[in-house]
Number of protein chains: 2
Amino acid sequence: MITVLTDRQKKILQLIIDDYIETAEPVGSRTIARKYNLGISPATIRNEMSDLELLGYLEQPHTSAGRIPSAAAYRLYVDSLSKGDSLGLSPNDMALINSWYKERVHSIDDIFQSTAKILSRMSKNVSVVLANKDSQSSFSYMKFLPLNAHQAILCIVTEEGNVDHGVVEIPAGMKQEEMERLAERVSRFLNGKKLNDITNDLLNEVREAIAGDKSLYVSIINGIKKVKAAQQENKMFLGGTKQLLNQPEFKDTERMRELLGVLEEEQMLKDMLMAGKDSGLKVTIGSENKFSGIQDCSMIQATYRLNGQVVGTLAVLGPTRMEYRKVISVMDYLHNYLKVVMNKIDEK
Amino acid sequence: MITVLTDRQKKILQLIIDDYIETAEPVGSRTIARKYNLGISPATIRNEMSDLELLGYLEQPHTSAGRIPSAAAYRLYVDSLSKGDSLGLSPNDMALINSWYKERVHSIDDIFQSTAKILSRMSKNVSVVLANKDSQSSFSYMKFLPLNAHQAILCIVTEEGNVDHGVVEIPAGMKQEEMERLAERVSRFLNGKKLNDITNDLLNEVREAIAGDKSLYVSIINGIKKVKAAQQENKMFLGGTKQLLNQPEFKDTERMRELLGVLEEEQMLKDMLMAGKDSGLKVTIGSENKFSGIQDCSMIQATYRLNGQVVGTLAVLGPTRMEYRKVISVMDYLHNYLKVVMNKIDEK
DNA sequence: TATTAGCACTCGAAACTTTAGAGTGCTAAC
DNA sequence: GTTAGCACTCTAAAGTTTCGAGTGCTAATA
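Residues numbered from 1 in each chain as written. Chains lettered and ligands numbered in written order. Predicted model: local features only at pLDDT ≥ 70, side-chain atom pairs only at ≥ 80, totals over all residues. Heavy atoms only, no water.

What to know about the overall build of chain A
Our working rule: Under the scheme used here, helices are H or I runs from DSSP no shorter than 4 residues and strands are E runs no shorter than 2 residues, and both carry numbers assigned from the N terminus. Accessible area is worked out with a 1.4 Å probe on protein chains only. A residue is then buried under 20% of its type maximum, exposed over 50%, and partly exposed in between. Working rule for contacts: check all heavy atoms of both residues, and any pair within 4.5 Å makes them a contact. Accessible surface area values rest on a Shrake-Rupley calculation with a 1.4 Å probe, where residue burial reflects the displayed protein chains alone. The positive count covers Lys and Arg only, the negative count covers Asp and Glu only, and His and the chain ends enter neither. To locate a charge, take NZ of a lysine, CZ of an arginine, CG of an aspartate or CD of a glutamate.
For chain A, the helix and strand inventory stands at 12 helices and 10 strands. The C-alpha extent of chain A, read off along each of the three principal axes, is 95 × 40 × 35 Å. Taking all 348 residues of chain A together, the buried fraction comes to 47%. Put simply, 59% of the contacts in chain A that link residues at least 6 apart link residues at least 24 apart. Accessible surface, chain A as shown: approximately 17100 Å² in total, 50% of it carbon and sulfur. Here chain A holds 44 positive side-chain charges and 45 negative ones, and the gap between their average locations is 3 Å.

Okay, structure coming up:
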């Protein structure tokens, strides 16, 4: 269908979308005529609506009801949004956000948690914040820190300043200096290597190269593997499950159950978010979504980078009827906020 | 009311509780007579029920309905349970639990998450797992690990083998050896002190004692504070929000909203759990609960210790109609399971 | 030709009514 | 003390009715 809409059609469609997003009720021709006076009679609007339905932009739940926007209509709307339509948050909302951020921020995790909460409150939907650590960091060196007679702490340091550690048993009879030499040799071997490039084969080489105590070797290997895992882990923060109850579309318990199910599958959620991480802002409407369980939902997702690296993903999940414009504005604002905060923390 | 129930009354009350827990429907005299044959007519049961209602153990939603157990009835039931009534899980359930645990366990956190999931599945209610780190650990020493020309990593080690770390700026002109000496002096000063005992006053003493570079001092202090915070943090894992939808008592959206609200207030939940941490097993029924929002719910909570220290709390939150016996059995089983798993990890 | 008033028609939501049945309490008999 | 019998109660479910918002079509109008 490559028909271009007339300006009046666009206008009417827009009003219907706005009204429906606000009220969640099918919109009738009279409503449009009354609420927004277009200098046009309901009958005319009716005719236009009929056309819009034929074009696939409107749907009728049943004959004697008003009409609701189709997925295609939202698509059109969202696309037109991104084309320059100036976003922007009301000063009121900004103030709210700022005050919410001040509530409780002790750690980095708190910031993410707060962000999720704020995002859900502003969007009146469920929010997900994914803090990515899909890091390209490189091995710098390792070291043993003394703990007691039988145990030591294996510390592994990356060039980016991340540290991971674990307790290892000291093999009977091994001296402190010997361990230090061992650590140094392994360090030299792996220094500068990207963690992703430290494969099992490489670790085997290490084994041969150091040819030291076997149990210690196992500890070292485990330690390195653990660092790798920790570096690649990404943390997820959920907010606003409660909001589901406010959305009329979830009065139907079955739909709610489905979405809650998705939210409980942490791995699936992560996959969903990772799938959209390449484009900065991604809006997935209804059946555009490939993951089962949320195919009658929409997802707005924004991925942010720092020096080319994905550092975080914000997402809002809800019914297709969503305040797209507002949510996108909020995300934009949060992004800027986070940038500032993160930098401050970096400085510390 | 210090009336002792006759054996028959106890029996009948028990049956009513059982039936109600299973069906969530008010129980009538005929149902009891038919389902469990007591060699007694419905009329007789009716008389007894009438008495039990007077004694406060039963309630009638309305005249022409059956009766449901009161909070007092559950209390009686639960108390009788703990008095030796042999608990025990069906082999079937045990097998289920074991298989669920095998699904995905990479880290310690996964274990807790799985535990929450299992607990919620078995109880058909929301579960909370609190991993306590209310630790009594002591400062052992600190050390600077080199990172680059301008930064170093401050590592703080406790006697228990916990390590925390952070990046600090190296003051201009300060040499590696100088920093090492500084670390050694602070270490000597704080060595062996319980983290809880490291107050601001003590930190001030440190400041005077080391009288070194000011910015480095600030970094050190912050580092120590961070370790303290990290050590005392306790992590919470939630499971089975979805389960709420299965419980008929939450058909009423308002009740659901309340409970979800509580679940989103992490701090409040923690407080609730901490409040019951002294007794090993605590069952709070309905209005016994002092926290608002869950006063028509029950909470079953079990706190576990290792060497006298609280290490974890399992809890199930749900309507007063709950499978108390089963939940307690499951908790018991999970506890034993966790003990084994944790020990294995310790050994690693 | 585009717009609009007018009107018959549709259909769901809400209000109301009816019905069925589960449960009770009481009384009188066993 | 127990129980059969029965009148009475009250809810949930099913069935009606009513109301109104909304439509589509037609014919008049600009």
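Details of the protein's contact with DNA strand C
Stated formally: Residues are counted as near a molecule or strand when any one of their heavy atoms sits within 4 Å of it. Think of a polar contact as two N or O atoms within 3.5 Å of one another; within protein, one of them needs to be a possible hydrogen donor and the other a possible acceptor, and neighboring residues in sequence only count if both atoms come from side chains.
Around DNA strand C there are 20 residues in total, and R8, T44 and S64 of chain A together with S29 and R67 of chain B lie nearest to it. For DNA strand C, the backbone makes up 80% of the atoms found within 4 Å of the protein, where backbone means sugar plus phosphate. Within the backbone of A65 of chain B, an N or O atom sits 3.4 Å from a sugar or linking oxygen of DNA strand C. Listed by contribution, the elements that provide at least two residues to the surface near DNA strand C are α3 (42-54) of chain A together with α2 (29-35) and α3 (42-54) of chain B.

Quick notes on the environment of N246 of chain A
Structurally, N246 of chain A can be placed in the loop between β7 (235-239) and α10 (253-264). Expressed as a C-alpha distance, the spacing of N246 of chain A and S107 of chain A, which sit 139 residues apart in the sequence, is 30 Å.

Here we look at the relation of the copies chain B and chain A
Two chain copies here: they are related by a rotation about an axis and a translation along the same axis. What counts is decided by this rule: Least-squares fitting of one copy onto the other uses the C-alpha atoms of those residues that reach a pLDDT of at least 70 in both copies.
Rotating chain B by 180° and moving it 0.1 Å along the rotation axis overlays it on chain A with an RMSD of 0.2 Å. Given the turn and translation reported, the copies of this chain are related as if by a two-fold rotation axis. Comparing interface residues between copies, 97% of those in chain B also lie at the interface in chain A; the contact surface is shared.

Topic: the protein's contact with DNA strand D
Stated formally: Just so you know the grouping, Ala, Val, Leu, Ile, Met, Phe, Trp, Tyr, Cys and Pro go in nonpolar, Asp, Glu, Lys and Arg go in charged, and all remaining residues, Gly too, go in polar.
Not every one of the 20 residues close to DNA strand D is listed here, only the nearest: S29 and R67 of chain A together with R8, T44 and S64 of chain B. Counted by atom, the contact set of DNA strand D within 4 Å of the protein is 76% sugar and phosphate. A65 of chain A has a polar backbone atom sitting 3.4 Å from a sugar or linking oxygen of DNA strand D. S41 of chain B is positioned with one of its backbone polar atoms (N or O) 3.1 Å from a phosphate oxygen of DNA strand D. The residue makeup of the surface near DNA strand D, split by class, is 3 nonpolar, 13 polar and 4 charged.

Some thoughts on the interface of chain B and chain A
Here is the rule: Each of two parts loses accessible area, computed with a 1.4 Å probe, when they are put together; buried area is these two losses added. A pair is scored as a salt bridge if a Lys or Arg side-chain nitrogen falls within 4 Å of a carboxyl oxygen belonging to Asp or Glu.
Contacts between the two partners involve 31 residues from chain B, matched on the other side by 30 residues from chain A. Approximately 2800 Å² of surface area, both sides summed, lies buried where chain B meets chain A, with 59% of it carried by carbon and sulfur atoms. By the criterion of area lost to chain A, the three top residues of chain B are K242, L245 and E264 of chain B, representing 20% of everything that side buries. Counting the contacts that link chain B with chain A gives 2 salt bridges. Here K117 of chain B makes a salt bridge to E265 of chain A, at a shortest N to O gap of 3.8 Å. For the interface between chain B and chain A, the tally reads 12 residue pairs in polar contact (both at pLDDT 80 or more). Ranked by residue count, the leading element in the side of chain B that touches chain A is helix α10 (residues 253-264) of chain B, at 6 residues. A class-by-class count of the residues in the side of chain B that touches chain A yields 12 nonpolar, 10 polar and 9 charged.

Concerning the sheet that holds strand β5 (residues 151-158) of chain A
All names here are of chain A. Our working definition: At least two DSSP bridges between two strands are required for those strands to pair. What counts as an axis is a line fitted to C-alpha atoms, over the stretch in contact for a helix, and the angles between N-to-C directions run from 0 to 180 degrees.
One open sheet holds the 3 strands; their spatial order is β4-β5-β6, and the pairing between them is antiparallel. A strand with exactly one partner marks an edge of an open sheet, and here the two such strands are β4 (139-146) and β6 (163-169). Taken over all neighbouring pairs, the strand axes of this sheet differ in orientation by 20° on average, direction set aside. Here β5 pairs with β6 via 7 bridges, running antiparallel. Its bridge partner lying in β6, I153 is registered against V167. Contacts from helix α7 (residues 176-190) reach β4 and β5 within the one sheet, and its direction differs from that of β4 by about 170°.

Some details on the pairing of strand β3 (residues 126-131) of chain B
Residues and elements named next belong to chain B. Taken across its 6 residues, β3 has 6 buried, putting it largely inside the fold. Of the two faces of β3, the one holding V126, V128 and L130 and the one holding S127, V129 and A131 are both buried throughout. With 6 bridges connecting them, β3 and strand β10 (residues 309-319) associate as antiparallel partners. Residue pairing for β10: V129 is matched across the bridge by L314. Bridge count between β3 and strand β7 (residues 235-239): 5 bridges; the pairing is antiparallel. Note that in β7 the partner of V128 across the bridge is L238.

Structural notes on the packing of helix α5 (residues 91-102) of chain A against helix α6 (residues 108-123) of chain A
Residues and elements named next belong to chain A. Formally: Take the far helix as the reference: if the near one is turned anticlockwise from it by less than a right angle, the crossing is left-handed, and if turned clockwise, right-handed.
In contact at an axis separation of 10 Å, α5 and α6 are set at 145° when each is read in the N-to-C sense. Crossing of α5 over α6 shows right-handed handedness. Side by side, α5 and α6 meet where D93, I97, W100 and Y101 of the first sit next to I111, S114, T115, I118, R121 and M122 of the second. Considered class by class, the residues forming the contact of α5 with α6 number 6 nonpolar, 2 polar and 2 charged.

Some thoughts on helix α11 (residues 266-275) of chain B
Residues and elements named next belong to chain B. Short version of the rule: The arc under discussion is defined with respect to the helix axis, by the directions toward the C-beta atoms.
For α11, the set of buried residues is L269, K270, M272 and L273. Down the axis of α11, the buried side of the element spans an arc of 160°, and every buried residue falls inside it. Check the buried side of α11 and you find it contacts β3, β7, α10, β9 (297-306) and β10.

Brief notes about the domain arrangement of chain A
Often the size quoted for an interface is simply the accessible area lost on bringing the parts together. As a reminder of what qualifies: Segmentation of the chain into domains, including their bounds, is taken from an automatic or database domain assignment.
Structurally, chain A comprises domain 1 (7-81), domain 2 (91-132 + 234-347) and domain 3 (139-232). Each of domain 1 of chain A and domain 3 of chain A has a C-alpha centre, and these two points are 65 Å apart.

Thoughts on the packing of aromatic side chains
Each pair of aromatic rings is reported with the distance of its centres and the angle of its planes. This is how it is decided: Here is the rule: rings of Phe, Tyr and Trp (six-membered ring for Trp) pair when centre to centre is within 6.5 Å. Planes less than 30 degrees apart are stacked, more than 60 are edge-to-face, and the remainder are tilted. Comment: the charge-over-ring label is applied if NZ (Lys) or CZ (Arg) is within 6 Å of the ring centre and within 35 degrees of the ring normal.
For the structure shown, the criterion picks out 8 aromatic pairs over all chains. Ring centres 4.1 Å apart and planes at 10° place the aromatic pair Y101 of chain A and Y337 of chain A in the stacked group. With Y101 of chain A in helix α5 and Y337 of chain A in helix α12 (residues 324-347), this pair connects stretches of sequence that are 236 residues apart. Seen from their ring centres, F112 of chain A and F237 of chain A are 5.5 Å apart, and the 25° between their planes marks the pair as stacked. A residue pair is termed long-range when its members are at least 10 positions apart, and F112 of chain A in helix α6 and F237 of chain A in strand β7 qualify at 125 residues. With a relative accessible area of 9%, F112 of chain A lands in the buried category. F237 of chain A gets classed as buried once you look at its relative accessible area, which sits at 8%. Members of the aromatic cluster, connected to one another through ring pairs, are Y74, Y77 and Y324 of chain A. Seen from the ring of W100 of chain A, R121 of chain A lies directly overhead, with NZ or CZ sitting 4.6 Å from the centre. Here the basic side chain of R255 of chain B rests over the ring of F250 of chain B, its NZ or CZ set 5.5 Å away from the ring centre.

With respect to the sheet that holds strand β8 (residues 281-285) of chain A
All names here are of chain A. Judged by pairing direction, the sheet is antiparallel, and its 5 strands sit side by side in the order β7-β3-β10-β9-β8 without closing on themselves. This sheet does not close on itself; its edge strands, each paired only once, are β7 and β8. Geometrically, the sheet is characterised by an average inter-axis angle of 15° between neighbouring strands, direction not taken into account. Relative to β7, α6 is tilted by about 35°, and along the sheet it contacts β3 (126-131), β7 and β10 (309-319).

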